[in-house]
Amino acid sequence: GVVYGIILNDASAQNVTVDCQGATVYGSDTSDFAIHIIAPDTTVSNCNVIGASTGFYFSAYENGTLTNSSAINGSSSGIYVQNKNNMTITNNNITNFTTDYYNTMYMRETNNSLIANNIFDIAYSGIYIRGSNNNTFANNTVTNVMTYGMYLYDYYTINSDNNNFTNNTINA
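Bear in mind that the values here come from a model prediction, so they are computed numbers and not experimental data.

Student: Please explain the sheet that holds strand β14 (residues 114-116) as it appears in this structure.
Tutor: Across a sheet, strands are paired by hydrogen bonds formed along the backbone, either parallel or antiparallel in direction. Pairing is parallel in the open sheet, where seven strands are placed in the order β2-β5-β8-β11-β14-β17-β20. Of all the strands in the sheet, the pair left with one neighbour each is β2 (16-19) and β20 (164-166). When the angles between neighbouring strand axes are averaged without regard to direction, this sheet yields 10°. For strand β11 (residues 85-90) and β14, the ladder comprises three bridges, and the chain directions are parallel. From the neighbouring strand, Thr90 faces β14, where its bridge partner is Ala116.

Student: Before we go on, may I ask you to explain the pattern of salt bridges in this structure?
Tutor: If charged atoms from side chains of opposite charge come close, those side chains can pair. Scanning all chains against the criterion turns up one salt bridge. Notably, a salt bridge pairs Glu109 with Arg108, separated by 3.7 Å at the nearest N-O pair. Of the residues examined, Arg108 reaches a relative accessible area of 24% and is grouped as partly exposed.

Student: Looking at this structure, I do not really get the state of the cysteines. What am I missing?
Tutor: What makes a disulfide is a covalent bond joining the sulfur atoms belonging to two cysteines. Under the criterion given, the structure shown has one disulfide. Covalently, Cys20 is tied to Cys47 through a disulfide, its sulfur atoms 2.1 Å apart. The disulfide joining Cys20 to Cys47 has a torsion of about 80° about its S-S bond and is therefore right-handed. Placement of the pair is Cys20 in the loop between β2 and β3 (24-26) and Cys47 in the loop between β5 (42-45) and β6 (48-50), with a sequence separation of 27 residues.

Student: Would you mind showing me how to read unusual backbone geometry here?
Tutor: Glycine aside, the phi torsion of most residues is negative, and most peptide linkages are trans. Positive phi is not limited to glycine here, since Asn83 has a value of about 55°. Relative to the assigned elements, Asn83 resides in the loop between β10 (79-82) and β11. Its relative accessible area of 36% is what places Asn83 among the partly exposed residues. With phi around 55°, Asn162 is a residue other than glycine that occupies positive phi space. By the element assignment, Asn162 lies in the loop between β19 (150-153) and β20.

Student: Hey, could you run me through the environment of Ile119 in this one?
Tutor: With respect to the helices and strands, Ile119 occurs in strand β15 (residues 119-123). The partly exposed category is assigned to Ile119, whose relative accessible area is 39%. With 77 residues separating them in the primary sequence, Ile119 and Thr42 have C-alpha atoms 22 Å apart. When near neighbours in sequence (up to four residues on either side) are disregarded, Ile119 contacts Asn92, Asn93, Ile94 and Thr141.

Student: Please explain the sheet that holds strand β12 (residues 93-97) as it appears in this structure.
Tutor: With parallel pairing, the seven strands of this open sheet are ordered in space as β3-β6-β9-β12-β15-β18-β21. At either end of the open sheet lies a strand with only one pairing partner, and these are β3 and β21 (169-171). Shown here is a sheet whose adjacent strand axes are inclined to one another by a mean of 10°, direction ignored. With three bridges connecting them, strand β18 (residues 141-145) and β21 associate as parallel partners.

Student: I'm lost on the environment of Asp10 in this one. Help?
Tutor: By the secondary structure assignment, Asp10 is in the loop between β1 (4-9) and β2. Placed 105 residues apart in sequence, Asp10 and Ile115 show a C-alpha to C-alpha distance of 25 Å. In terms of polar contacts, Asp10 uses its side chain to reach the side chain of Ser12, at 2.6 Å.

Here is what the cut-offs are and how they apply
Residue numbers here run from 1 along each chain, matching the order of that chain's written sequence. Local features are withheld for residues below a pLDDT of 70 in this predicted model, meaning they are given only at 70 or higher, and side-chain atom pairs are given and counted only at 80 or more; totals for whole chains, interfaces and linings count all residues. Derived side-chain values reflect all non-hydrogen atoms in the structure, with water molecules and hydrogen atoms excluded from consideration. Note on pairing: DSSP must find at least two bridges between two strands before they are called paired. Strands are runs of DSSP state E lasting at least two residues, helices are runs of H or I lasting at least four, and both sets are numbered from the N terminus onward. Here an angle of 0 to 180 degrees is reported between the N-to-C directions of two axes, which are lines fitted to C-alpha atoms, with helices fitted over the stretch in contact. Here a salt bridge means any side-chain nitrogen of Lys or Arg lying within 4 Å of a carboxyl oxygen belonging to Asp or Glu. The classification of residues rests on relative accessible area computed with a 1.4 Å probe and restricted to protein chains. Under 20% of the type maximum is buried, over 50% is exposed, and intermediate values are partly exposed. Defined by distance alone, a disulfide is two cysteine sulfur atoms within 2.5 Å. The contact criterion used is simple: two residues touch if any of their non-hydrogen atoms lie within 4.5 Å. N or O atoms within 3.5 Å of each other form a polar contact, as long as, within protein, one can give a hydrogen and the other can take it, and as long as residues adjacent in sequence are counted only when both atoms are side-chain atoms.

Rendered as structure tokens:
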């Protein structure tokens, strides 16, 4: 079945902060998401995830922050953001997500967000951006990937426009 470490699924929740204070959420390759946020105006900080399929999953609603957190040894994506506008993703360390066809960060239909000062290391692929517009990617480091560092998906009606990339480092 589906397994979560922390899930917040409440559309009426406002300005919620999940501060793990350095605690670790353990998962397994069969668990779906270690930390799953389906709520507006939510901050997740100081969380460490080890071994979950997906470390951090943000979906739906507006405004969210992921900061000073890490995910290691997963089988899917370290950070997965879908249909979540106005995200701030800063100062995170995502390491060892090496299963074929998955990314250290997957960003789908997410707009007006800041992704900065993150480290994405040892992965099948780096940052995958699909149908996401008006985002800023700054000072991120992507290293030791088997395929691409950053992939901007733009196909037929699925556009990824007006994204800004500044001072990112990619070493395959």
